[in-house]
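Observations on the model geometry
Take a look at the letters that make up each chain.
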Amino acid sequence: MPTRILLEGRPGAGKTTVVRRLAALLRTRRVVGFTTEEIRQGSARSGFALEALEGGPRAVLAHVDFPGPPRVGRYGVDLGVMERLALPLLRSAAANPVPGELVLIDELGRMELACTDFRDTVRHLFGSDIDIVATVHAKNDPFTDALKRRADIELVQVTRANRDALPVELAARLERP
C-alpha cells in the first residue's frame, strides 16, 4: 500500500522547511514535485514563488502586483505557473510511476487549488500507486478536508517544536525497504 502523508500546520510552522529538508535527506528515492516560498520586499510579504524540486525551474505564482483573477487575499495568482511547472511533473509521476519514486507537494493551498487541473491531477495521484508527502494548511477547505478524511492518509502536525526533527524521522521511514 502506498504511503500517503499530509503535513498539516499553520502558516509559519515550517511545512516548507520540512519538505525541503526531507527531499535533501532522501538518498535511495527519486523525488518529484515542487515547493513554494514566500517572496519578501523588506519585512513585507509580497508574493509566493513555486520551484520544481531537484534544481528545477522557478517562477512567481502569486504576487500583490498581479491583477488576477483569480485572487487569493491580496495576491493575484498566475495559474499558468501551475500549468507550466507543477502539472507536467505531477502528471508524469502519475502516468508512469517509477518504483521508489516519491511525490512531494508543497502545498495543497488556496493558490495552488485555484487551478482546476491541479486539483484533478492531485486526485489522480492519490488514486495511483505512488508514495506522496504533501503539505496542507490547518484551515478548513473542502478539497483538503476530503483528503484528510481518507482512510489511507496519515495526518502529521507540523509545529515549531517538531519541524527540525520531523524531516529526519520521515526520511528514515520513507527509506526503509
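Below is a short write-up of the structure. What you see is a predicted model; the values in this text were computed from it and never measured.

**Things to note about the sheet that holds strand β4 (residues 58-63)**
Backbone-to-backbone hydrogen bonds join strands into a sheet, with any given pair of strands oriented parallel or antiparallel. On the basis of which strands lie adjacent, the open sheet formed by 9 strands has the order β5-β6-β4-β3-β2-β7-β8-β1-β9 and mixed pairing. Of all strands in the sheet, those with a lone pairing partner are β5 (71-72) and β9 (154-157), marking the two edges. As defined by bridge partners, β5 adjoins strand β6 (residues 75-77) across 2 bridges and the pair is classed as antiparallel. Across the sheet, the residue bridging to Arg71 is Gly76, located in β6.

**Looking at the packing of aromatic side chains**
Taken as a whole, this structure holds 2 aromatic pairs when the rule is applied. Plain terms: the ring middles of Phe48 and Tyr75 are 5.3 Å apart, the flat faces sit at 75 degrees to each other, and that makes the pair edge-to-face. Remark: Tyr75 occurs in strand β6 and Phe48 occurs in strand β3 (residues 44-52); sequence separation between them is 27 residues. The exposure class of Phe48 is buried, given its relative accessible area of 14%.

**Quick look at helix α2 (residues 79-95)**
Of all bends in α2, the biggest is about 45 degrees, found at Leu87, and the proline Pro88 comes one to four residues later. Buried within α2 are the following residues: Gly80, Val81, Met82, Leu85, Ala86, Leu87, Leu90, Ala93 and Ala94. Where α2 is buried, its residues contact β2 (31-41), β3, β4, β7 (102-108), α3 (110-113) and α4 (116-126). Here α2 starts with a cap whose side-chain oxygen sits 3.0 Å from the backbone nitrogen of Gly80, and that cap is Asp78.

Cut-offs and rules
Residues numbered from 1 in each chain as written. Predicted model: local features only at pLDDT ≥ 70, side-chain atom pairs only at ≥ 80, totals over all residues. Heavy atoms only, no water. Pairing = 2+ DSSP bridges. Helix = DSSP H or I, 4+ residues; strand = E, 2+ residues; numbered from the N terminus. Phe/Tyr/Trp six-rings, centres within 6.5 Å; stacked < 30°, edge-to-face > 60°. Buried < 20%, exposed > 50% of the residue type's maximum accessible area, 1.4 Å probe, protein only. Bend = angle between axes of the 7 residues up to and from the residue. Contact = heavy atoms within 4.5 Å. Polar contact = N/O pair within 3.5 Å; in protein donor to acceptor, adjacent residues only side chain to side chain.

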